[in-house]
Amino acid sequence: MSSIPADLPTAEQVVDSMERMHGLYPGHRRSGARGVCCKATFTPTGDAAGLTTAAHLQDRPTPVIVRFSNSEGNPRSRDTAPVARGMAVRFQLPNGGDTDLVAMTVPLFVASTPGQFLELTEALRPDPATGEPDMSRVQAHVAAHPHLAEAVTQRPPVPVGYGTAAYWAIHAFVWTDAAGNRQPVRYRWEPEAGRAELSAEEAAGRQDQYLTEELHQRLRQGPLAFTLQVQPAEEDDPTHDPAVAWPERRKEITAGRLEITAPVDDQDYWAAQRFDPTRVTAGIELSDDPVLTFRARAYAESYRRRSGNR
Ligand code: HEM
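Okay, so let's go over this structure. (Residues numbered from 1 in each chain as written. Predicted model: local features only at pLDDT ≥ 70, side-chain atom pairs only at ≥ 80, totals over all residues. Heavy atoms only, no water.)

A closer look at the pattern of salt bridges
- Inspection of the entire model under this criterion finds 21 salt bridges.
- In this structure, Asp 265 and Lys 39 form a salt bridge, with 3.8 Å as the shortest nitrogen-oxygen distance. Of this pair, Asp 265 sits in the loop between strand 9 (253-263) and helix 7 (267-271) while Lys 39 sits in strand 1 (residues 35-44), and the two are 226 residues apart along the sequence.
- Look at Lys 39 and you get partly exposed, because its relative accessible area is 34%.
- With a closest N to O distance of 2.7 Å, Glu 301 and Arg 305 form a salt bridge. With Glu 301 and Arg 305 both in helix 8 (residues 290-307) and four residues apart, this pair spans about one turn of that helix. (Salt bridge = Lys/Arg side-chain N within 4 Å of Asp/Glu carboxyl O. Helix = DSSP H or I, 4+ residues; strand = E, 2+ residues; numbered from the N terminus. Buried < 20%, exposed > 50% of the residue type's maximum accessible area, 1.4 Å probe, protein only.)

Shown next, in the form of structure tokens:
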């Protein structure tokens with residue numbers, strides 16, 4: 001399929017390929033380009049405190065910045081498209097540090113390794129003749145990696161609002177407690193308003209940028225809330241593969257409640273920041289997922305390009 005070596009891509013190769021897939025929009029994120037930033041407060045329940053020493057999961061509220069986005073690289077993309085939405089959360093910790101949690105509206109990632117992601121973005125590159133990807137290339141990619149079929153065919157919802165979708169952080173992270181015990185976990189933000197999506201007909205009747213407008217209107221009426229649901233791994237649950245779900249029957253912890261109160265005053269400042277899922281804090285470690293560690297390099301490369309207005 002692609003002549004690029006799939007086993008060990010560089011961040012530059014992957015970001016180049018994302019630009020070919022999405023188009024190049026200088027100064028913008030190579031994914032999640034259209035977004036809106038909000039102020040929020042996270043209040044822990046304390047139910048996670050026995051498993052992790054992370055400061056924001058103990059007993060005191062933490063100020064937070066949230067950035068909602070659409071997954072495309074086009075900052076003028078239409079909100080009515082059935083693409084994944086993102087929710088990037090920065091917890092501003094009491095010691096002056098911060099930690100990020102970056103999630104999206106599908107439970108599985110489309111690749112188990114950075115190389116598979118590169119193969120997929122190459123397969124999704126629009127055909128110059130039609131302007132659309134050649135879906136037979138995607139089918140060939142899935143045939144070569146049959147375990148990705150479920151992840152690649154997930155259809156993200158077109159939500160009624162950014163506040164009516166669940167957002168999965170997908171990768172496993174490892175919580176550590178004061179005694180050094182280690183517990184792998186996965187996170188999900190669950191909307192307190194409940195999950196609600198638009199039918200194709202309803203979506204067709206919405207304005208191109210209805211999600212930002214809906215969010216502003218919603219926040220004028222009062223705060224918008226999510227709970228942080230945490231799935232602790234049991235023995236044999238794979239921590240290295242973001243394309244594979246853990247059994248749904250796993251018990252969950254509600255680690256806290258996020259209350260979003262208003263758009264931030266300085267959208268430009270926050271739009272220019274870099275959220276990074278590997279920016280963890282004491283009490284949380286990265287798992288052995290190769291996609292998770294690779295993301296730090298890809299996000300840094302995208303940030304480097306967009307900061308230079310490329
Ligand atoms: C190989 C795997 C992945 C690659 C190469 C990749 C690449 C990127 C890049 C280059 C950006 C733009 C970063 C910036 O300029 O600041 C981005 C943004 C984003 N990605 Fe990924 N991504 C990957 C996996 C994921 C996964 C698994 C999730 C969800 C769990 C995710 C969710 C997001 C979100 C929400 C944003 C927007 C963040 C923001 O608002 O700043 N990505 N991604």
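There's plenty left to go through after this.
Considerations on the coordination of the iron atom of the ligand
- Looking at the iron atom of the ligand, one finds just one donor atom contributed by the protein, Tyr 299 (OH), at 2.0 Å.
- Note that Tyr 299 resides in helix 8. (Donors = N, O, S within 2.8 Å, 3.2 Å for Na, K, Ca; no water.)

Describing the nonpolar core
- Among the nonpolar cores identified, the biggest contains 42 residues, and Phe 68, Tyr 187, Trp 189, Leu 258 and Ile 260 are the most heavily contacted of them.
- Beyond its immediate sequence surroundings of up to four residues, Ile 260 is in contact with Cys 38, Lys 39, Ala 40, Val 66, Phe 68, Leu 219, Pro 223, Leu 224 and Phe 226. (Core = buried A, V, L, I, M, F, W, Y, C linked by side-chain atoms within 4.5 Å. Contact = heavy atoms within 4.5 Å.)

Remarks on the layout of surface pockets
- The computed volume of the second largest pocket comes to approximately 440 Å³.
- Residue assignment for the lining of the second largest pocket shows that the elements contributing at least two residues are strand 7 (182-191) and strand 8 (224-232). (1 Å grid on protein atoms, 1.4 Å probe; cavity = no way out; pocket = protein on both sides within 12 Å on 5 of 7 lines; lining within 4 Å. Points joined across faces, edges and corners; volume = space filled by probe spheres on them.)

A word on the site of the ligand
- In the vicinity of the ligand there are 27 residues, among which Arg 29, Arg 67, Tyr 299, Ser 302 and Arg 306 approach most closely.
- Contacts to the ligand include Arg 295, whose side-chain N or O atom sits 3.3 Å from a nitrogen atom.
- Interatomic distance of 2.6 Å between a side-chain N/O atom of Tyr 299 and a nitrogen atom of the ligand.
- Elements that contribute at least two residues to the shell around the ligand include exactly helix 1 (11-22), strand 2 (62-70), strand 3 (85-92), strand 4 (98-104) and helix 8.
- If one sorts the elements of the shell around the ligand by residue count, helix 8 sits on top with seven residues. (Near = heavy atom within 4 Å. Polar contact = N/O pair within 3.5 Å; in protein donor to acceptor, adjacent residues only side chain to side chain.)

A short note on helix 3 (residues 135-144)
- Buried within helix 3 we find Val 138, His 141 and Val 142. Buried residues along helix 3 cover an arc of 95° about the axis, so they all sit on one side. What points out from helix 3, more than 90 degrees from its buried face, is the exposed set Gln 139, Ala 143 and Ala 144.
- The inward-facing, buried residues of helix 3 contact helix 2 (114-123) and helix 4 (149-152). (Arc of directions from axis to C-beta.)

Quick word on the packing of aromatic side chains
- Throughout the structure, instances matching the rule amount to eleven aromatic pairs.
- Between Phe 68 and Tyr 167, the ring centres sit 5.9 Å apart and the planes meet at 50°, which makes this aromatic pair tilted. Highlighted residues: Phe 68 in strand 2 and Tyr 167 in strand 5 (residues 167-168), separated in sequence by 99 residues.
- By relative accessible area, Phe 68 is classed as buried at 0%.
- With a centroid separation of 5.9 Å and 70° between ring planes, the pair formed by Tyr 167 and Phe 226 is classed as edge-to-face. Taken together, the positions of Tyr 167 in strand 5 and Phe 226 in strand 8 put the pair 59 residues apart, joining distant regions of the chain.
- You can call Tyr 167 buried: its relative accessible area is 0%.
- Ring pairing ties together the aromatic residues Phe 68, Tyr 162, Tyr 167 and Phe 226, which thus form one cluster.
- Directly above the aromatic system of Phe 275 lies the positively charged group of Arg 90, at a separation of 4.9 Å from the ring centroid.
- Residue placement shows Arg 274 over the ring face of Tyr 303; its charged tip is 5.1 Å from the ring centre. (Phe/Tyr/Trp six-rings, centres within 6.5 Å; stacked < 30°, edge-to-face > 60°. Lys NZ or Arg CZ within 6 Å of the ring centre and 35° of its normal.)

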